[in-house]
Amino acid sequence: MKSFKKLWILFAVVVLASFLVLGIYGFQIYYKAPPVPQSVVTAAGKTIFTETDIKDGQNVWQSIGGQEIGTVWGHGSYVAPDWTADWLHRESVYMVDEMARESFHSSYNKLPPEQQAMLTTRLQNEVRKNTFDKETGTITVSPLRAAAIKAVSKHYTGLFMNDPSLHSLRNAYSIPANTIKDPARMHLMNAFFFWASWACITERPGSKITYTNNWPPDKVLGNIPSSDLIWWTGFSVIILLLGIGLLVFYHASNKEEEIEEATLPKRDPLLGIAATPSMNATLKYFWIVTILIVVQVTMGVITAHYGVEGNGFYGLSLANLIPYSVTRTWHVQLDIFWIATSWLATGLYIAPAVSGFEPKYQKLGVNFLFIALLIIVGGSIFGQWMGIMQKLGFVQNFWFGHQGYEYVDLGRFWQLFLFAGLWIWLALMYRALAPAIRGKGADRNLLIMFLIASTAIALFYGAGLMRGRHTNLAIAEYWRWWVVHLWVEGFFEVFATVVSAFLFVRMGLLEMRSASLGVIFATIIFLAGGIIGTFHHLYFAGTPTAILALGATFSALEVVPLALLGFEAYHNYRISRATTWVKAYKWPIYCFISVAFWNFLGAGIFGFVINPPIALYYMQGLNTTPVHGHTALFGVYGMLGIGLMLFVLKGLFSRHVWKDSIIRIAFWSINIGLLLMVTISVLPVGFMQTVASVEKGMWYARSAEFMQQPLLQTFRWLRVIGDTIFAIGAIALAIFVVGLKTGWSVNRSVADVSEDRYPTVKRTEKASL
């Protein structure tokens, strides 16, 4: 018990200290975010944009999809440009050309290097100077820059509306004509783009570094890596090596116990658990999970194809009905929905099985939550379409449409609805687990961690409610990553680790004490880097340099536990072959092995490639990011969701032996397709973009000029190979799941019923709450 007490104390210290740091520097982000001026004026006092223009312009940008149509500060989608990098480049080209004509009666490109250098210095002196006046709340720009703003605004107006001369460029960006239908709205969005770009090139007061830490890279504008970027990159590598060394030493001194086949149950202990009404009610959740997987993959195929055919899909003008920003929104949002649904349903199934207790009306609660989730999914994706098609006003779009932030796109009403649903889920979980938690059984520590993870899942989604309709983008990004990193990547990971341990313990393949110790220790290691590591997403999001230091250091620690995932994969592989009856769980366990592989490759290797500050400086917003995103989100969390679903389905259909043919195709096609998708298409494009970013700047790496080259087009077309194989796997998985009900996925032979090693769950008329 002393071991548990020490671990719980360490767990509390790590969590409390980490959130204290996250909170303290969150206040720093609030106070040091790029200021939104009351007005942007010329030296002559003429107003170009107002504060209301900028804030409403942010709402216009959100309504058309926001981060689902290009990027701002490097966050978002990857077909259209980064609008901040693109705006700055176009502004600078206009200004140096005008300077060249005024001083040398020639265009900038025709001047000798010496004269170009002189004009570049003049440009940098003008645009990097911070002219924001705190007292008056104004940003003052020169007549030349005002003319440049007007020229770039005219270009964007034609691009997002219907300038015929920009048809080819719109097609390259997958932006349909009249994406914005109202010139007044277009003026507002230009105001927002100017402000976001101004923050990228304007130096903080008393500093030589811009509000975005000199991002995006652009030598002409003087945006080059700061010394802090280089220093903290080196430090992060040292921390990584030190952490791996210490963890390897710990692992070597605490060798895992060998699996002794003689001590394992002779028959499947899970067959002794009779499913309760609420456990059986979770089956419908997995039907929905299966449907959402197929729809999500379909949206992914369409989205990827838009990248090579612009606004068409094999000749069909599909973008007029569901443009790129819609399909990508649904692709990302449905991914979150089905993964979360799978994990939540697994929790609802596991809770009564673990405690041996079914509270009164538990099935009713499970069914009510299911209906709520259906309404949230259907309502939110319809609202997002309405918003992007410009059918909603600013307020209506905020509440019911598209909030414009990747992974948390759904309108505020749907966010609140989902937040309430998660608390209902938590209540259902606690009702079933309460008797076991109050008891003094050997599994109490594991149950407490299970409850903590479940509470965190319900609680931390609420971080997405901390921003409003006009919240400063830097602050909105801070809270968005609380959801994406802490909710999706953090506490769901802890929840899945605990659930997996419970499953193996209930199967008699792990001893309760060692499983509990292992889960608590793994959680401490993961959260020690993971909580503060949230800051690595915010290096260039209008945050102070302290965020850079903390993010670099602790994101390196996030990679440390991934170094030993080979041992986990091998352990799970040995489990899958331990006894004859365990082989019935081959495919769920293989999914866990796949999770370990993708955790190492996707979250570990591909994650660390882009996480060090100097690497992310050049790579943020390039195709190197979706390499990490696809392999970590689907490879890790998606495969884990599929594995948990298959475990539950094995329990619900436990008395029949599965046929291997279809599920084998599904498993290998999904994993091979995902690997091919990123290695022969997305990764090569990302590396080529990185070279372009280093040599010329982010604007060029994201430009149509670069991305529409024949070689780049070839690599994007090659994605069809991986996507097709992956889609076959998703369809095969759906066929297999449906076949469990219809009978074509199972043999009709009935499995042997084992002795009741664990108590059968019995329904009671007395509720625990």
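Every residue gets a number counted from 1 within its own chain, in the order that chain's sequence is written. Only residues with pLDDT of 70 or above have their local features reported here, since the model is predicted, and side-chain atom pairs are shown and tallied only from 80 upward, although totals for entire chains, interfaces and linings are computed over all residues. In computing side-chain properties, one takes all heavy atoms of the structure into account and sets aside hydrogens as well as water.

A. Local environment of the overall build of the protein. Starting at the N terminus, helices and strands are each numbered in turn, a helix being any DSSP run of H or I of at least four residues and a strand any DSSP run of E of at least two. Broken down by element type, the protein carries 26 helices and 10 strands. The C-alpha atoms of the protein give a radius of gyration of 27 Å, which matches the 27 Å a tight globule of 769 residues would have. Expressed along its principal axes, the backbone C-alpha trace of the protein runs to roughly 95 × 55 × 45 Å. Think of it in three bands: residues with accessible area under 20% of the maximum for their type are buried, residues over 50% are exposed, and the middle band is partly exposed, with areas taken using a 1.4 Å probe on protein chains only. The 769 residues of the protein split such that 62% are buried. The contacts in the protein between residues at least 6 apart in sequence include a share of 79% that link residues at least 24 apart. Residue-level accessible areas treat just the shown protein chains as cover; the underlying method is Shrake-Rupley with a 1.4 Å probe. Counting only carbon and sulfur atoms, one obtains 65% of the accessible surface of the protein, whose full area is about 28,900 Å². Put simply, the protein has 58 plus and 45 minus side-chain charges, and the middle of one group is 7 Å from the middle of the other. Within these notes, the globule rule equals 2.2 Å times the number of residues to the 0.38 power, and the radius of gyration is based on C-alpha atoms. Here a residue-residue contact requires only that any non-hydrogen atoms of the pair lie within 4.5 Å. Residues counted as positive are Lys and Arg, residues counted as negative are Asp and Glu, and His and the chain ends are not counted. Where a charge lies is defined by one atom per residue type, namely NZ (Lys), CZ (Arg), CG (Asp) and CD (Glu).

B. Examining the pairing of strand β6 (residues 138-141) more closely. DSSP-based pairing: two strands are paired if at least 2 bridges between them are found. With 4 bridges joining them, strand β1 (residues 39-42) and β6 adopt parallel strand pairing. Across the sheet, the residue bridging to Thr42 is Val141, located in β6. Two elements, strand β5 (residues 132-133) and β6, share 2 bridges in a ladder whose sense is antiparallel. Paired with Asp133 across the strands is Thr138, a residue of β6.

C. Inspection of helix α3 (residues 83-104) at higher detail. To estimate the expected span of a helix, count its residues, drop one, and scale the result by 1.5 Å. The end-to-end C-alpha distance of α3 is 31 Å, a good match for the 32 Å that 22 residues give at a rise of 1.5 Å each. A positive phi of about 55° marks His105, the residue just after α3.

D. Highlighting the nonpolar core. Remark: nonpolar core denotes a set of buried residues (Ala, Val, Leu, Ile, Met, Phe, Trp, Tyr, Cys) joined through side-chain atoms within 4.5 Å. Counting residues in each nonpolar core, the largest one holds 226 residues, and the members touching the most others are Trp73, Trp83, Phe160, Phe193, Trp487 and Ile642. Element by element, the count of residues in this core is highest for helix α16 (residues 473-506), at 25 residues. In contact with Ile642, other than residues within four places in its own chain, are Ile293, Trp338, Cys591, Phe634, Ile670 and Leu733. Of all hydrophobic cores here, the second largest spans 23 residues; its members include Ala85, Met619, Met707 and Leu712.

E. Representation of the packing of α16 against helix α17 (residues 512-530) in the model. Axes here mean lines fitted to C-alpha atoms, for a helix over just the part in contact, with angles spanning 0 to 180 degrees between N-to-C directions. In contact at an axis separation of 10 Å, α16 and α17 are set at 170° when each is read in the N-to-C sense. Relative to α17, the element α16 is oriented roughly antiparallel. For the pair α16 and α17, the contacting residues are His485, Leu486, Glu489, Gly490, Phe491, Glu493, Val494, Thr497, Val498, Ala501, Val505 and Arg506 in the first and Met512, Ala515, Val519, Thr523, Phe526, Leu527 and Gly530 in the second. Residues belonging to the contact of α16 with α17 are distributed by class as follows: 11 nonpolar, 5 polar and 3 charged. What sets the label is the angle itself: under 35 degrees gives roughly parallel, over 145 gives roughly antiparallel, 65 to 115 gives roughly perpendicular, and the rest give oblique. All residues other than Ala, Val, Leu, Ile, Met, Phe, Trp, Tyr, Cys, Pro, Asp, Glu, Lys and Arg, Gly among them, are scored as polar; the first ten of these are nonpolar and the last four charged.

F. Quick look at the pairing of β1. Burial of the side chains of β1 extends over both faces: Ser39 and Val41 are buried on one face and Val40 and Thr42 on the other. In this sheet, strand β2 (residues 47-50) lies alongside β1 in antiparallel orientation, the contact comprising 3 bridges. The residue of β2 that forms the bridge with Val40 is Phe49. Counting the residues between successive antiparallel strands, the hairpin from β1 to β2 contains 4 residues, one of them, Gly45, with a positive phi of roughly 95°.

G. View of the packing of aromatic side chains. Stacked, tilted and edge-to-face are the three classes assigned to paired rings of Phe, Tyr and Trp, where Trp is represented by its six-membered ring and a pair needs centres within 6.5 Å; plane angles under 30 degrees give stacked, over 60 edge-to-face, the rest tilted. Applying the stated criterion across every chain, the model contains 59 aromatic pairs. When the ring of Trp232 is compared with that of Phe235, the centres are 5.3 Å apart and the planes differ by 90°; the resulting orientation is edge-to-face. Note that Trp232 and Phe235 are positioned in helix α8 (residues 227-253) at a spacing of 3 residues, about one turn of the helix. Using a relative accessible area of 27% as the deciding quantity, one classes Phe235 as partly exposed. Ring geometry for Tyr461 and Trp487: centres 4.9 Å apart, planes at 55°, overall tilted. With a gap of 26 residues between them, Tyr461 in the loop between α15 (444-460) and α16 and Trp487 in helix α16 connect regions that are remote in the sequence. Under the relative-accessibility criterion, Tyr461 is labelled buried at 3%. A relative accessible area of 3% means that Trp487 is categorised as buried. A ring has a charge above it when a Lys NZ or an Arg CZ is no more than 6 Å from the ring centre and no more than 35 degrees off the ring normal. One Lys or Arg, Lys650, reaches over the ring of Trp658 and ends 5.9 Å from the middle of that ring. Across the ring face of Tyr700, the terminal group of Lys696 is positioned such that the distance to the ring centre comes to 4.4 Å.

Everything listed is a geometric property; what it means functionally is a separate question.
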